[in-house]
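Architecture at a glance
Below are the chains, spelled out letter by letter.
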Amino acid sequence: MAEMLPLRFRILHYISTVNKACADEIMKALEPEYGTEKQFKKEVFMDHLLDMKANFILDDNDVVLNGKGELIIYYRITDVGRTLLQKYLPKHWKQK
Amino acid sequence: MSISGNQAAIMMREKLNAQFARKGIFTGIFSGATWGLNSVLLGLALALVPALGEEAAIYAIPLAAACMNDFIAGLWLLLYNGGAGRFREIVRSLKTFPGLMVVVAALLGGPIANGGYLLGISMAGPAYALTITALYPIVGAILSRIFLKQRIVPRVWVGMVLSVIGAIIISYVPPEGGDSSKFYLGILFAALAALGWGAEAVLAVFGMSMIDPKIAINIRELTSGTFLAIFILPFIGGWEVISKVVTLPEALGAFAIAALAAAVSYLAWYKANTTIGVAKGMALNGTYVMWGVIFSAILMKSPLTQNLVIGSGLVLIGATLVAINPKEFFKKSGEA
């Protein structure tokens, strides 16, 4: 397996590979890589997502309420986010 | 009137984002308060360092103190991140380009800005040097506007300018006549300090788009402390100061406690800069001068002069303007 990315970086990268994703979906996808780590918590993922949204590299335009009336936010990568990935994603990650 | 599910979801999202931003504002104010506490505690720790001559007092002691403050804060943060299971994140981050940007930010904000600050004060005198270095939030805001394309509303600009004027009034010292041959060089060094701190924030925020602020600040503190220890202290007799301090448990303990305040403060500052933007983050961090006055009055019974009261008042008004949009504030309390 390629060298692991810092979690925030990996979340951004994952979102770039799908159309949109909510925190639970992202966590499910990244569980094989980060699942055993103490930082693998929903609140940590939400904090990363909200920060990246505040910095305009993700957008949160797509929202729904689930059956329990809880808010689900689907995040998408913005053009700014894509440019960052193109510039700074390590080479061996780009080939994947 | 019933709201459709989608509208309810949008309202909940707006509430979540607003709560997140509000938390960022408090984190920024908290970073200012703990930085003020760090300045006061560092002053107490420095008083425990034995006299080493006039020359040492200008460069060796302040830079050795800066080195210990950053390095020990880096160790505290290592404990914090290690405890939270983020130790491996540090290594991962350092292997990426954004992680290396944070290292450059550390060098700009640590050795370069701190060095410029001290050299500025000693060459141009505190009256001019402190006035120029107090401009750092404005420098940071301008750089963030240019490089990060962050929008800054007029209200935040006005608040920031008021805060800076307040900070200048607080730190104002009447100019002394004397050697002017190094004056302009001193002014240049003071400007370098303001530029260094501003550039640090912008570069770090850029790096933190992709790496965790808690990790970024740990890298920053360890880089700055290590660089000062290896490349600066040996040439100015700084290690002599540190070797004295480590033999005095009381002094070492005082530096460790001050560094804990620094670690907490920097952690909050980096987080706030990412969450609410560089301009607001820096302006709220800049309230440390006011907090320094308050803590000095409480802990050291320092007298409150007219300048301190007026300056602190301006900082408070300025920071409030930065933090709160009066329109939203009143609208909200009206609704509630």
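This report concerns the structure included in the present document.

About the thresholds
Residues numbered from 1 in each chain as written. Chains lettered and ligands numbered in written order. Predicted model: local features only at pLDDT ≥ 70, side-chain atom pairs only at ≥ 80, totals over all residues. Heavy atoms only, no water. Helix = DSSP H or I, 4+ residues; strand = E, 2+ residues; numbered from the N terminus. Rg over C-alpha atoms; globule rule 2.2 N^0.38 Å. Buried < 20%, exposed > 50% of the residue type's maximum accessible area, 1.4 Å probe, protein only. Contact = heavy atoms within 4.5 Å. Buried area = accessible area lost by both parts, 1.4 Å probe. Salt bridge = Lys/Arg side-chain N within 4 Å of Asp/Glu carboxyl O. Polar contact = N/O pair within 3.5 Å; in protein donor to acceptor, adjacent residues only side chain to side chain. Phe/Tyr/Trp six-rings, centres within 6.5 Å; stacked < 30°, edge-to-face > 60°. Lys NZ or Arg CZ within 6 Å of the ring centre and 35° of its normal.

1. A few points about the overall build of chain A
Secondary structure assignment for chain A yields five helices and two strands. Put simply, chain A runs from its N terminus to its C terminus through helices and strands in the order α-α-α-β-β-α-α. The C-alpha radius of gyration computed for chain A amounts to 13 Å, which stays within 12% of the reference 12 Å derived for 96 residues, consistent with globular compactness. Along the three orthogonal principal directions, the C-alpha set of chain A runs to about 40 × 30 × 20 Å. Within chain A, the proportion of its 96 residues that are buried is 53%. Look at the contacts in chain A between residues 6 or more apart in sequence, and 53% of them connect residues 24 or more apart.

2. Some remarks on the interface of chain A and chain B
In this complex, chain A contributes 32 residues to the contact, which on the side of chain B involves 36 residues. Interface area for chain A against chain B, summed over the two sides, is near 2800 Å², with a carbon-plus-sulfur share of 60%. The three residues of chain A that bury the most area against chain B are P6, R8 and Y88 of chain A, which together make up 19% of that side's buried surface. Seen at the junction of chain A and chain B, the total is five salt bridges. R92 of chain B is the partner of E37 of chain A in a salt bridge, and the nearest nitrogen-oxygen pair spans 2.4 Å. Linking chain A to chain B there are 13 residue pairs in polar contact (both at pLDDT 80 or more). In terms of residue count, helix α3 (residues 42-54) of chain A provides more of the side of chain A that touches chain B than any other element does, eight residues in total.

3. Thoughts on the packing of aromatic side chains
All names here are of chain B. What the rule picks out here adds up to 13 aromatic pairs over all chains. An aromatic cluster is built from W35, Y266, W269 and Y270, whose rings are joined through pairwise contacts. Cation over ring: R86 sits above Y80, and NZ or CZ is 5.2 Å from the ring centre.

4. Considering the pattern of salt bridges
Per the counting criterion, the structure on display carries 15 salt bridges over all chains. Measuring nitrogen to oxygen at the nearest pair gives 3.9 Å for the salt bridge that ties E37 of chain A to R88 of chain B. Taken together, the residues span two chains, with E37 of chain A in the loop between α2 (23-34) and α3 and R88 of chain B in helix α4 (residues 87-94). A salt bridge links K271 of chain B to D51 of chain A; the nearest nitrogen and oxygen atoms lie 2.7 Å apart. Remark: D51 of chain A occurs in helix α3 and K271 of chain B occurs in helix α12 (residues 249-276); the pair is interchain, linking two chains.

5. What about the side chain of T275 of chain B?
Looking at the element boundaries, T275 of chain B is found in helix α12. A relative accessible area of 10% places T275 of chain B in the buried class. In terms of polar contacts, T275 of chain B uses its side chain to reach the side chain of D51 of chain A, at 2.8 Å. Beyond its immediate chain neighbours, meaning those up to four positions away, T275 of chain B contacts D51 and A54 of chain A together with F20 and G24 of chain B.

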